[in-house]
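Secondary and tertiary structure notes
Spelled out from the first residue to the last, the chains are:
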Amino acid sequence: MAGVAVVNRQALRRVLRLRSLIAGPLAMEKHLRHDPVMLEEIDQLFALRPESVVVDGTLGLGGHSERFLSHLSPRGTLVACDWDLGMLERARERLLGTSPARIELHHCDFRDLPTLLQQLGLMADGYLLDLGLNSAQVDDADRGMSFREHGPLDMRMDRTRGEPASSLLNRMALGELESALWEYGDERWARMIARRIVERRKREPLRTTEDLVECVLAAIPPGARDKRIHPATRTFQAIRILVNRELTELDSALIESASCLAPGGVLAVLSYHSGEDRIVKNTFRILAESGEFEEVYRKPATATEEEVRRNPRSRSAKLRALRRVAPTG
Ligand SMILES: C[S@@+](CC[C@H](N)C(=O)[O-])C[C@H]1O[C@@H](n2cnc3c(N)ncnc32)[C@H](O)[C@@H]1O
């Protein structure tokens, strides 16, 4: 019996070694993947010409921008940014040398792009904001964005600034935590989860994704859990939005972005969360009332069934678009 056990253990070790050899590159590949959402719809919406100016305020791994560049000649320009330096560098590797167009890549918040465009003297024919985070960021355990991966509770997209999630969760008042969970996560159990977080940190500060998952599981009784999603989904979304201040001044960023559109130019916004979409909807409505812009869709466009099958992350995407109809003021 002992002999068999030894043989099995050796075989197991060989298998594990082989798997780790394969898992390294595969894990890297997984981190580098993100399917651009509603690519065909946005491509048609922008209808770019060889000399167009196109702006991508949420470059990510450059999936949308790669398509935009395919339409541009040396007279065309792409201006793009991401506040995540890691994403920006990966996109740079992917995009540089693929197009004769002028390419301007910047490490900044898209809220700073309108000023930059003004300095460059450019008006946009197409302007994309694909809000939120990309698959590569979710899958990277070191960022602590996912309840499925064990990692430090950080969640910052721009790790050169801001306060990590652990620090916020260990210092915010009970009421503030509750409102963030309710407002940014639509979490019905916000009060109970906030209480568990506060109780937990009295004993020991929260440090890892697992610490937060434990608080959520202790707060929501098994019978009350939504079977379709992990119980921590809404909490992680809420804390990520809070950490990155994703909804802060989004309305003024949209107004300033729209002011950078050339006549006929289109601002397209992809949102994945009801709070985000509400801000886009209301801001676009106000801008359209001015007569300077028109909304392209009466209701937001969504991904086709085929795309949702291929890329489940497109399921919650809502696409709204605004076109400049009147000449710039
Ligand atoms: C959904 S992904 C974009 C994916 C991209 N369209 C592609 O096809 O690869 C969103 C990206 O926007 C970035 N981002 C989110 N909010 C931002 C902001 N306020 N300023 C700059 N970048 C932002 C994130 O870091 C992330 O890389």
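Reference entry: report on the structure contained in this document.

1. A closer look at the sheet that holds strand β5 (residues 261–271)
Where strands meet in a sheet, backbone hydrogen bonds hold them as pairs that are either parallel or antiparallel. The seven strands lie next to each other as β3-β2-β1-β4-β5-β7-β6, forming an open sheet whose pairing is mixed. Looking along the sheet, the strands with just one partner apiece sit at the ends: β3 (102–107) and β6 (293–295). If you compare each strand with its neighbour and ignore which way they point, the axes differ by 15° on average. In the sheet, β5 pairs with strand β7 (residues 318–324) via six bridges, with the strands oriented antiparallel. The residue bridging Ala268 from the neighbouring strand is Ala321, located in β7. In this fold helix α12 (residues 250–258) packs onto β4 (124–130), β5, β6 and β7, with an angle of close to 150° to the strand it touches most, β5.

2. Things to note about the state of the cysteines
The final tally for this structure, using the stated rule, is zero disulfides. Note on Cys81: no disulfide assigned, nearest cysteine sulfur contributed by Cys108 at a separation of 3.9 Å. Residue Cys81 is classed as buried on the basis of its relative accessible area of 0%. For Cys108, a relative accessible area of 15% translates into the label buried.

3. Digging into the site of the ligand
Around the ligand, 25 residues are found, and the nearest of them are His64, Asp82, Phe110, Asp130 and Gln137. Contact between the ligand and Leu61: an oxygen atom at 3.1 Å from a main-chain N or O atom of the residue. Within the side chain of Asn134, one N or O atom sits 3.2 Å away from an oxygen atom of the ligand. Relative to its unbound accessible area of 610 Å², the ligand is 98% covered by the protein chains. Each residue belonging to the shell around the ligand can be placed in one class, and the counts come to 10 nonpolar, 10 polar and five charged.

4. A word on the environment of Lys202
Summarising the element assignment, Lys202 is placed in helix α9 (residues 190–203). Since its relative accessible area comes to 68%, Lys202 is described here as exposed. C-alpha separation for the pair Lys202 and Asn170, spaced 32 residues apart in sequence, amounts to 9.0 Å.

Cut-offs applied
- Residues numbered from 1 in each chain as written.
- Predicted model: local features only at pLDDT ≥ 70, side-chain atom pairs only at ≥ 80, totals over all residues.
- Heavy atoms only, no water.
- Pairing = 2+ DSSP bridges.
- Helix = DSSP H or I, 4+ residues; strand = E, 2+ residues; numbered from the N terminus.
- Axes fitted to C-alpha atoms, helices over the stretch in contact; angles between N-to-C directions.
- Contact = heavy atoms within 4.5 Å.
- Disulfide = S-S within 2.5 Å.
- Buried < 20%, exposed > 50% of the residue type's maximum accessible area, 1.4 Å probe, protein only.
- Near = heavy atom within 4 Å.
- Polar contact = N/O pair within 3.5 Å; in protein donor to acceptor, adjacent residues only side chain to side chain.
- Areas by Shrake-Rupley, 256 points an atom, 1.4 Å probe, with all protein chains shown as cover.
- Nonpolar A, V, L, I, M, F, W, Y, C, P; charged D, E, K, R; others polar.

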